[in-house]
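# Architecture at a glance
The primary structure of each chain is shown beneath.
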Amino acid sequence: MLILAIDTTSSAGSVALLRDLDVVSQVASADAEPYSTRLFRDVERVMHDAGMRMPDIELFAVASGPGSFTGVRVGLAAVKAWAEVYRKPVAPVSALEAIAFQAASSDSLIAGIADAHRGQLFAGLYQRAEYGMSRRGEDVVMPPAECFAYLAEQAEGAPFVIRTTAAQVVQTALVGSPAAGARVDAADPALAPVIGKLAYARALRGDVVDALTLDAHYVRRSDAELLWHDHS
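Residues numbered from 1 in each chain as written. Predicted model: local features only at pLDDT ≥ 70, side-chain atom pairs only at ≥ 80, totals over all residues. Heavy atoms only, no water.

## Details of the sheet that holds strand β5 (residues 90-93)
If you walk across this open sheet you meet the five strands as β3-β2-β1-β4-β5, and the pairing is mixed. Looking at strand neighbours, the two that pair on one side only are β3 (22-30) and β5, the edges of this open sheet. For this sheet, the mean inter-axis angle between neighbouring strands, taken without regard to orientation, is 15°. In the sheet, strand β2 (residues 12-19) pairs with β3 via eight bridges, with the strands oriented antiparallel. Looking across to β3, one finds that Ala-12 is bridged to Ala-30. (Pairing = 2+ DSSP bridges. Helix = DSSP H or I, 4+ residues; strand = E, 2+ residues; numbered from the N terminus. Axes fitted to C-alpha atoms, helices over the stretch in contact; angles between N-to-C directions.)

Here it is, written out as structure tokens:
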């Protein structure tokens, strides 16, 4: 199965082309250039390097959030268009699940955490399953103290490790928290290859969507919604 995977949830965007679980080609960069132009150039490069064309793609994989609203919207819009034009399925994947999946295979309970800025963290607790990961509770956005209390509650006393793209922020915030004993491992911010692997597992069990039903996993409301709420 030829899979095109993209992640536009953070500044560390990435694109990967996979054949089943094998990464054929990938591009990763932290660039100030907007995704509206950068994404399509990176996709073209990945396809060219692999000698493939867009009609060859059998499955589109995309990070559906949480993360940058603008980045998520651009990524989803592009994948929606490709899936519609080429009549191919889509496997949306949480960026937090992709972060958690990078943990060592011996770690069964993993918290995936990313910096949500504004003094908050994106977080989700995941358990390693036969195919990919299963989520415990919901992905959330909270101040660090509340976030670690929530994760400890979802873990129900079981030990868990933390995999994160914001290791320094997390390690500082962990001190004195309910999760203070958790091991913190830095995750590779280039999530596209992992998103492709998780998408492959989803496709094998039929857990895919079409262009019409593909939706974002924002977790946090947009600035426009917050502003409207504050003035309503």
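Don't stop here, the text continues.
## Quick word on the environment of Gly-65
Relative to the helices and strands, Gly-65 resides in the loop between β4 (59-63) and α2 (69-86). Along the chain, Gly-65 and Ala-192 lie 127 residues apart, while their C-alpha atoms are 13 Å from each other. Sequence-distant contacts of Gly-65, that is, excluding residues within four places in its chain, are made with Thr-9, Val-72, Val-93, Ser-94, Ala-95 and His-217. (Contact = heavy atoms within 4.5 Å.)

## Observations concerning the packing of aromatic side chains
One pass over the full model with this rule turns up three aromatic pairs. Note on Phe-40 and Trp-82: the rings are 5.9 Å apart at their centroids and 80° apart in plane angle, and the pair reads as edge-to-face. Pair noted here: Phe-40 is in helix α1 (residues 35-50) and Trp-82 is in helix α2, with a separation of 42 residues, a long-range link. Overall, the relative accessible area of 38% leaves Phe-40 in the partly exposed class. Between Phe-69 and Tyr-218, the ring centres sit 4.8 Å apart and the planes meet at 40°, which makes this aromatic pair tilted. Here Phe-69, found in helix α2, pairs with Tyr-218, found in the loop between α6 (192-204) and α7 (223-230); they are 149 residues apart in sequence, far enough to count as distant. Residue Phe-69 is classed as buried on the basis of its relative accessible area of 13%. Linked through ring pairs, Phe-40, Phe-60 and Trp-82 together constitute an aromatic cluster. (Phe/Tyr/Trp six-rings, centres within 6.5 Å; stacked < 30°, edge-to-face > 60°. Buried < 20%, exposed > 50% of the residue type's maximum accessible area, 1.4 Å probe, protein only.)

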